[in-house]
Amino acid sequence: ALLIGGLYGAFDDTETSIGNTFTAGSLNLISVIDGNAGAVGDNFTINEGAGVDNADGINDNVTFGEVYPGASGNITWTLSNIGTLDGELTLDVAVYGDENTCTEPELAAFDTDDADGELISKLTCDVFIDGTQAYNDIALAMLQTNLDGYIAPLGAGDSTEIRVEWSADSGAFDNTVQTDTAQIDITFVLTQV
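Residues numbered from 1 in each chain as written. Predicted model: local features only at pLDDT ≥ 70, side-chain atom pairs only at ≥ 80, totals over all residues. Heavy atoms only, no water.

Q: I would appreciate a short explanation of the sheet that holds strand β8 (residues 151–154) in the present structure.
A: What links the strands of a sheet is backbone hydrogen bonding, and the strands pair in either a parallel or an antiparallel sense. Pairing within the open sheet is antiparallel, and its three strands lie in the order β8-β5-β10. Each having just a single partner strand, β8 and β10 (181–192) make up the two edges of the open sheet. The mean angle between the axes of side-by-side strands here comes to 30°, regardless of whether they run parallel or antiparallel. Pairing analysis gives four bridges linking strand β5 (residues 87–98) to β8, with the strands arranged antiparallel. What sits directly across from Thr90, in β8, is Ile151. (Pairing = 2+ DSSP bridges. Helix = DSSP H or I, 4+ residues; strand = E, 2+ residues; numbered from the N terminus. Axes fitted to C-alpha atoms, helices over the stretch in contact; angles between N-to-C directions.)

Structure (structure tokens):
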């Protein structure tokens, strides 16, 4: 009887769970810059930043040179979240001006030799966000006040467009701005929500 009992085995079953993986989502902001000078022949350049081309969005910028009374132009930033996670877009904006030197016409116009120059206060801007006008006829210097800290949702696969249209109004643009420079620095930050 013991021999016969030893010939039978117990039932068993085996299951496996192999290859359990974790894949991190992505949050990837791409900035593409574009722009236009208001008149053919105006000095306008899109400068490639640290990357290879405009599509990488790494510190690309626009230069408008030899701005004069009646000149105009625009800069457009298209910001896209090409990642898989929803994000929140924040802008960190700074506007700078420099007097550079005072030419004879500037001094004759009673230029006060303001260190920031007058160009940042005499260029006027309209700001559009996704085609809707957010600000109308503000001084370039006010971009920092109005756009710094701007926050908006930017979902995975979504894009937003920020457009600044500027003009040098002939009535307000005078000799006090000669040789002055103005600069806008914008840092776009996308944070997971």
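Q: Would you mind going over the layout of surface pockets with me for this structure?
A: Left-over empty space is what a probe sized like a water molecule reveals as it rolls over the atoms. One number sums up the size of the largest pocket: a volume of about 990 Å³. What lines the largest pocket is a set of 41 residues, among which Val62, Ile75, Ala182, Gln183 and Ile184 lie closest to the centre. Breaking the lining of the largest pocket down by element, the ones donating at least two residues are β1 (29–37), β3 (61–65), β4 (72–81), β5, β9 (159–167) and β10. Here the lining of the largest pocket takes seven residues from β10, the largest share from any one element. Of the residues contributing to the lining of the largest pocket, the split by class is 24 nonpolar, 11 polar and six charged. (1 Å grid on protein atoms, 1.4 Å probe; cavity = no way out; pocket = protein on both sides within 12 Å on 5 of 7 lines; lining within 4 Å. Points joined across faces, edges and corners; volume = space filled by probe spheres on them. Nonpolar A, V, L, I, M, F, W, Y, C, P; charged D, E, K, R; others polar.)

Q: Could you clarify how one ought to interpret the confidence of the model for the chain in this entry?
A: Low pLDDT means the predicted coordinates in that region are not meant to be read closely. Taken over all residues, the pLDDT of the chain has a mean of 83, while the share at 70 or more is 86%. No element of the chain has a lower mean pLDDT than helix α1 (residues 2–5), at 54, and none a higher one than β8, at 96. (pLDDT = per-residue confidence, 0-100.)

Q: Would you mind showing me how to read the sheet that holds β9 here?
A: The five strands are arranged β1-β4-β9-β6-β7 in an open sheet whose pairing can be described as antiparallel. Taken across any chain shown, the strands that pair with only one partner, and hence form the sheet edges, are β1 and β7 (132–139). Along the sheet, successive strands turn relative to each other by an average axial angle of 15°, direction set aside. With nine bridges joining them, β4 and β9 adopt antiparallel strand pairing.

Q: Whenever I open this one, the pattern of salt bridges confuses me. Can you help?
A: A side chain of one charge can pair with a side chain of the opposite charge when the charged atoms of the two come close. This model, assessed by the stated rule, comprises two salt bridges. Across the salt bridge formed by Glu165 and Arg163, the nearest N and O atoms sit 2.9 Å from each other. According to the relative accessible area criterion, Glu165 is partly exposed, its value standing at 29%. Accessibility expressed as a relative area gives 25% for Arg163, which makes it partly exposed. (Salt bridge = Lys/Arg side-chain N within 4 Å of Asp/Glu carboxyl O. Buried < 20%, exposed > 50% of the residue type's maximum accessible area, 1.4 Å probe, protein only.)

Q: What exactly am I supposed to notice about empty space enclosed by the protein here?
A: One pass over the full model with this rule turns up one cavity of 30 Å³ or more. Its volume calculated, the largest cavity comes out at about 50 Å³. Ala37, Gly38, Asp42, Asn43, Phe64, Gly65, Glu66, Val67, Tyr68, Ala71, Ser72 and Trp166 are the residues that line the largest cavity.

Q: Help me out: how do you make sense of unusual backbone geometry in this one?
A: In terms of backbone geometry, most residues other than glycine have negative phi values and most peptide bonds are trans. Positive phi values are uncommon outside glycine, yet Asp130 reaches one of about 50°. Position of Asp130 among the secondary structure elements: in the loop between β6 (124–129) and β7. In this structure, Asp137 takes a positive phi of about 55° despite not being glycine. When you line up the elements, Asp137 lands in strand β7.

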